[in-house]
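# Descriptive analysis of the structure
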Amino acid sequence: MDSRPPQDSDKLARVRRLSWWVRLFCLLGAVALVLAPALLWSQPEWLESVARTSWVSKSAPLQLDAGSRFWGWLGSCLPSAVLLFALWQIWSLFGYYRRGEIFKAGPATHLRRLGAALMVNAVAQPMSTTLGVLALTMGNPPGQRQLMLGLGFEHFTSFGFGLAVLVIGIVMQEAARVAQENAEFV
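What this report covers is the structure whose coordinates are included nearby.

Conventions used here
Residues numbered from 1 in each chain as written. Predicted model: local features only at pLDDT ≥ 70, side-chain atom pairs only at ≥ 80, totals over all residues. Heavy atoms only, no water. 1 Å grid on protein atoms, 1.4 Å probe; cavity = no way out; pocket = protein on both sides within 12 Å on 5 of 7 lines; lining within 4 Å. Points joined across faces, edges and corners; volume = space filled by probe spheres on them. Helix = DSSP H or I, 4+ residues; strand = E, 2+ residues; numbered from the N terminus. Nonpolar A, V, L, I, M, F, W, Y, C, P; charged D, E, K, R; others polar. Expected span 1.5 Å × (residues − 1). Bend = angle between axes of the 7 residues up to and from the residue. Polar contact = N/O pair within 3.5 Å; in protein donor to acceptor, adjacent residues only side chain to side chain. Salt bridge = Lys/Arg side-chain N within 4 Å of Asp/Glu carboxyl O. Buried < 20%, exposed > 50% of the residue type's maximum accessible area, 1.4 Å probe, protein only. Patch = residues over 30% accessible without salt bridge, like charges linked within 9 Å, V, L, I, M, F, W, Y side chains within 5 Å. Areas by Shrake-Rupley, 256 points an atom, 1.4 Å probe, with all protein chains shown as cover. Phe/Tyr/Trp six-rings, centres within 6.5 Å; stacked < 30°, edge-to-face > 60°. Lys NZ or Arg CZ within 6 Å of the ring centre and 35° of its normal.

## With respect to the layout of surface pockets
The computed volume of the largest pocket comes to approximately 360 Å³. Forming the walls of the largest pocket are 22 residues, and the residues nearest its centre are Trp55, Ser76, Gln125, Ser128 and Thr129. Listed by contribution, the elements that provide at least two residues to the lining of the largest pocket are helix H1 (6-42), helix H3 (66-98), helix H4 (105-137) and helix H5 (153-185). Broken down by element, the residue count for the lining of the largest pocket peaks at six residues, all from H4. Partitioned by chemical class, the residues of the lining of the largest pocket number 12 nonpolar, nine polar and one charged. The calculated volume of the second largest pocket comes to roughly 200 Å³.

Structural data, given as structure tokens:
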């Protein structure tokens, strides 16, 4: 029999329900992270449109052969791998929450890892774009190759948000330790 007050049980049931939805979102996000780059780099017309809109000048010659697209896709795997790791941490974190395990060491560990992944993503994203531009222009004659390195507000935001989540994970780890100590007194 559950000894918690009814409103606490209702809140825990809500957390469990929301956890199920978050984990579903993680699965869908993982599928998108695997499929979207593969689709982009496998379709030369779409890739050229994205590259000319976001990465290179409109007049820059692009190499859209299979080899260039393969190397570009490989470069795009870097942030995808980091974000898949981040989604795994969210999946695992909400697995704990779904079981009602809030102030335990496990959730704190996953929060810390998630924060670190978001910070790494802030570096992986611009690096991936740089590798993609290199892949698409490396076959150009000398003087027509391009190198792009860009840091945007979204990269600093990802780093800052990751740092905040990392610190929250550290605080939660301390809270879990205190909760464990208190439980041992009873």
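## Here's the deal with H3
The first and last C-alpha atoms of H3 sit 45 Å apart over 33 residues, in line with the 48 Å expected at 1.5 Å per residue. In the structure, H3 departs most strongly from a straight axis at Leu78, where the bend amounts to approximately 30° and where the proline Pro79 lies between one and four residues downstream. Its side-chain oxygen at 3.1 Å from the backbone nitrogen of Gly67, Asp65 defines the N-terminal cap of H3. Positive backbone phi, approximately 80°, marks Gly100, located one or two places after H3.

## Comments concerning the pattern of salt bridges
Taken as a whole and assessed by the stated rule, the structure comprises four salt bridges. The shortest N-O distance in the salt bridge between Arg177 and Glu174 comes to 2.3 Å. Of the two residues, Arg177 and Glu174 both sit in helix H5, three residues apart, roughly one turn of that helix. On the basis of relative accessible area, Arg177 is assigned to the partly exposed category, the value being 39%. Members of the salt-bridge network, linked through shared partners, are Glu174, Arg177 and Glu181.

## Points about a nonpolar patch on the surface
A cluster of nonpolar side chains, Val31, Val34, Leu35, Leu39, Trp46 and Leu84, forms an exposed patch at the surface whose accessible area comes to about 520 Å². Among the elements that make up the nonpolar patch, the one with the highest residue count is H1 (four residues). Tracing the backbone through its elements, the reader meets Leu84 in helix H3.

## Remarks on the packing of aromatic side chains
According to the stated counting rule, one finds five aromatic pairs in the structure shown. Ring geometry for Phe70 and Trp71: centres 5.4 Å apart, planes at 75°, overall edge-to-face. Members of the aromatic cluster, each reached through a chain of ring pairs, are Phe70, Trp71 and Trp73. Stacked on the ring of Trp91, the Lys or Arg Arg23 has its end atom at 3.7 Å from the ring centre. Sitting above the plane of the Tyr96 ring, Arg99 keeps its charged end 4.8 Å from the centroid.

The analysis is restricted to geometry; functional conclusions fall outside its scope.
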